[in-house]
Each structure stands twice: as structure tokens, then as C-alpha cells.
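Secondary and tertiary structure notes
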Amino acid sequence: MGEKDTVTKTLESHESVFADILNVLLFDGESVISADELSPADKESQYKVSGEIRSQQRDVSKFWHNTHINLAFIGIENQVAPDKLMPLRVINYDGSVYRNQYKAAQENNDKTCYPVITLVIYFGKKEWNYGKNLHSCLNIPDALLPFVNDYKMNFYSIKDMQPEQIQKFKSDFRLIAEFFYALNNGIEYHPTNQVLEYPEETLDMISVFSDDERFRNEYNTITTDKKGEITMCEIYDKILMEGEARGEARGEAKGRLAVLTELVQKGIITIMQAAEQEKMTVEEFSKKTGLAAQ
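Below or above, wherever it landed, is the structure these notes cover.

Cut-off values and rules
- Residues numbered from 1 in each chain as written.
- Predicted model: local features only at pLDDT ≥ 70, side-chain atom pairs only at ≥ 80, totals over all residues.
- Heavy atoms only, no water.
- Helix = DSSP H or I, 4+ residues; strand = E, 2+ residues; numbered from the N terminus.
- Buried < 20%, exposed > 50% of the residue type's maximum accessible area, 1.4 Å probe, protein only.
- Contact = heavy atoms within 4.5 Å.
- Areas by Shrake-Rupley, 256 points an atom, 1.4 Å probe, with all protein chains shown as cover.
- Arc of directions from axis to C-beta.
- Core = buried A, V, L, I, M, F, W, Y, C linked by side-chain atoms within 4.5 Å.
- Salt bridge = Lys/Arg side-chain N within 4 Å of Asp/Glu carboxyl O.
- Pairing = 2+ DSSP bridges.
- Axes fitted to C-alpha atoms, helices over the stretch in contact; angles between N-to-C directions.
- Parallel < 35°, antiparallel > 145°, perpendicular 65-115°, else oblique.
- Left-handed = near helix turned anticlockwise from the far one by under 90°.
- Nonpolar A, V, L, I, M, F, W, Y, C, P; charged D, E, K, R; others polar.
- Phe/Tyr/Trp six-rings, centres within 6.5 Å; stacked < 30°, edge-to-face > 60°.
- Polar contact = N/O pair within 3.5 Å; in protein donor to acceptor, adjacent residues only side chain to side chain.

Another aspect to go through is the overall build of the protein. Secondary structure assignment for the protein yields 10 helices and 7 strands. Classification of the 294 residues of the protein by burial places 42% in the buried group. In the protein, of all internal contacts separated by at least 6 residues, the share reaching a separation of at least 24 is 57%. Surface exposure of the protein reaches about 16900 Å², of which carbon and sulfur atoms provide 50%.

Here we come to helix 10 (residues 282-289). The periodicity of an α-helix, 3.6 residues per turn, causes residues three or four places apart in sequence to face the same way. Within helix 10 the residues assigned to the buried category are Val-282, Phe-285 and Ser-286. For helix 10, the buried positions fall inside an angular range of 100 degrees around the axis, keeping them on one side. Turned more than 90 degrees off the buried face of helix 10, the exposed positions are Glu-283, Lys-287 and Lys-288. Residue Gly-290 follows helix 10 closely and has a positive phi angle near 85 degrees.

On to the nonpolar core, then. Counting 48 residues, the largest nonpolar core has Leu-25, Phe-123, Phe-173 and Phe-215 as the members making the most contacts within it. Take this core: its biggest share by element is 8 residues, from helix 5 (residues 173-185).

This part takes up the pattern of salt bridges. Going through the model one piece at a time under the given rule, you end up with 12 salt bridges. Across the salt bridge formed by Glu-127 and Lys-159, the nearest N and O atoms sit 2.6 Å from each other. Here Glu-127 is found in the loop between strand 6 (116-122) and strand 7 (154-157), whereas its partner Lys-159 is found in the loop between strand 7 and helix 4 (163-166), with 32 residues between them in sequence. The exposure class of Lys-159 is buried, given its relative accessible area of 8%. With a closest N to O distance of 2.7 Å, Asp-204 and Arg-216 form a salt bridge. Highlighted residues: Asp-204 in helix 6 (residues 199-210) and Arg-216 in helix 7 (residues 214-225), separated in sequence by 12 residues. The exposure class assigned to Arg-216 is buried, which follows from its relative accessible area of 17%.

Looking now at the environment of Val-60. Looking at the element boundaries, Val-60 is found in strand 4 (residues 60-66). Note: C-alpha distance between Val-60 and His-14 (46 residues apart in sequence) is 9.8 Å.

Here we come to the sheet that holds strand 4. Pairing is mixed across the open sheet formed by 5 strands, whose spatial order is 1-4-5-6-7. Looking at strand neighbours, the two that pair on one side only are strand 1 (38-40) and strand 7, the edges of this open sheet. Taking the axes of each pair of neighbouring strands and ignoring which way they run, one obtains an average angle of 25 degrees across the sheet. With respect to the sheet, helix 3 (residues 86-108) is in contact with strand 5 (69-79) and strand 6, its orientation differing from that of strand 6 by roughly 155 degrees.

Orientation of helix 5 relative to helix 6, taken along the N-to-C sense of each, is 15 degrees, at an axis distance of 11 Å. With respect to their mutual orientation, helix 5 and helix 6 come out roughly parallel. Where helix 5 crosses over helix 6, the two elements pack in a sense that is right-handed. Taken together, the residues of helix 6 that come into contact with helix 5 (itself represented by Ile-176, Phe-179, Phe-180 and Leu-183) are Thr-202, Met-205, Ile-206, Phe-209 and Ser-210. Looking at the contact of helix 5 with helix 6 residue by residue, the class counts come to 7 nonpolar, 2 polar and no charged.

What follows concerns the packing of aromatic side chains. Within the structure shown, the criterion is met by 13 aromatic pairs. Ring geometry for Phe-123 versus Phe-173: centroids 6.3 Å apart, planes at 70 degrees, classification edge-to-face. Placement of the pair is Phe-123 in the loop between strand 6 and strand 7 and Phe-173 in helix 5, with a sequence separation of 50 residues. Judged by relative accessible area, which is 3%, Phe-123 ranks as buried. Three or more aromatic residues joined by ring pairs make a cluster, and in this case those are Phe-123, Phe-169, Phe-173, Phe-179, Phe-180, Tyr-189, Phe-215 and Tyr-236.

Bringing the side chain of Thr-118 into the picture now. Take Thr-118: it is sitting in strand 6. Thr-118 sits in the buried class, given a relative accessible area of 2%. Engagement of the side chain of Thr-118 in a polar contact is seen with the side chain of Arg-58, the distance being 2.9 Å. Discounting chain neighbours no more than four positions away, the residues touching Thr-118 are Arg-58, Gly-75, Glu-77, Val-90, Asp-94 and Asn-154.

The following block contains the structure:
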């Protein structure tokens, strides 16, 4: 994912955003997990292949704890494109955490272990037409099917969320979900007046995913010109206003060319005079208007 991967991890790493995502996706908006109950977890784990030690990294992971007791290890994996083998990746991520718990329990004679949960959040527009469980990745003979344990992944597609569910987000992730829901469903985007808690991270993510640097640029302009709270509505209004201004300018230029072309065709002015009016060479004016250079 490259830069997309980086900007998404940066926003979701904030405990308030991470907790908000979990509360909406896992608990239907109920405030079960609070930001102060979360702490960073080690995103990297090691595994051995053909005698070689290799490492793998989760996107974002946190411990959910109460005082000094870990209640769960929770990770988020972000996807922008469908991955047929995603369930295998998830079981590998989760298994590495359970393996570490097993080793710790043996060494410390402590049998208390905690659950591992992974959420897969899909930001893409293309339909995810692959299975979302381990069995979908395997070619299992019918005779063995009852004995092969399945493993499902907790999958959430922003494009397929209901608007009512998106409204339950309270953090900046709500603005992210609103934007990508509109973008990937081809509907008009209407930003809210919610104040951005992490404007730079949020607008970075939108700029990178939408391939539109105007969100970043407007944020940089606003922070240079003013101090205080920033909303997505403010950013988007400025983008629309500048777009309209550029469109009007292009329209005026197009109108002038049409008038000058007509004057040349009627023999009222020469093509050289028309080109001078537009500060062009005769060749440039001829190419833009289709008139033959005289």
C-alpha cells in the first residue's frame, strides 16, 4: 500500500480513534472501550521458514487492559484491494500473538492468557468477491471437511456500511468513512461541521487515497492564515470555491477565443492580431482554434 498504508496507520494509532473504531464496529456504537484503556502493542512478530527467522508487521495493534490485566490484544489491518488469501494472513497474525502467550505462560507458570482479535477494514471501491474465512482459501476434500477447523475474519467494508452506522463514529474516522462511502459509491459528498481532532493525519489520508492533493494544500494554507479549529466543511468549501473560480476563468478564456476566432473568420482582424490579444504566437493560436496560420 505504500503511502496509503502509512497515512492510515498514523491516524488509527491515536487511542481515541482506535477506540472509536472498535466501539462502532464491534459494539454498535456503545462506549465499551475507552482511549485510556488502550496502550500500544508490539506490531512486529517473528516466525521461522526453512530455518530462517522472518518478521511480519501488523498495521495497528493495541492492548485493551484494565489496570495491569490485559483483556485483549486487538489489531486492525487496512486493505485497499481485495486479497484472496487475507484469512491466511489474519490467522498468521493472530497465531503469532497466541504463540508468544504460550511461551510466556510456560516460562512464568502463568496460565492466564487473553483473546486476540483482528479487524480487517476495506477502503476499496472494487467488490471483495473472495471468501472471508479460512475454508475459502483451502482445497478441502469432502471427507476431511468436518475435521478442518475454520477461522473467520472480522471484515468491514467502508463502501458497504449503512449511513446510520457511519454516523455512530465520534472521532475523525467518521469523516474518513463519510468521504470514502461517498467516493466509492459514486454519490455527492456532503461534509459535516465536525471539528477535526487530527486534521493533518485525516487530510493526509484523504489526499493520498483520493489522489487529490488539494485537501493537504488547503489545510496547509488554512494553518498558515489562521489558528484554531478546522472542519472538513471549511476545507471542502474552499476547494469547491477555487474549482469554480478556475472553471470561470477557463470559461472566460474559451469565450474570448471564440470571439477572436469569429473576428478572424470575418476578416475584421488578422490571426496575428488575434494571437497578440491572447499573448500567443500565431502557431499557438492556430493550434487552439483550428484556424490556418496566414
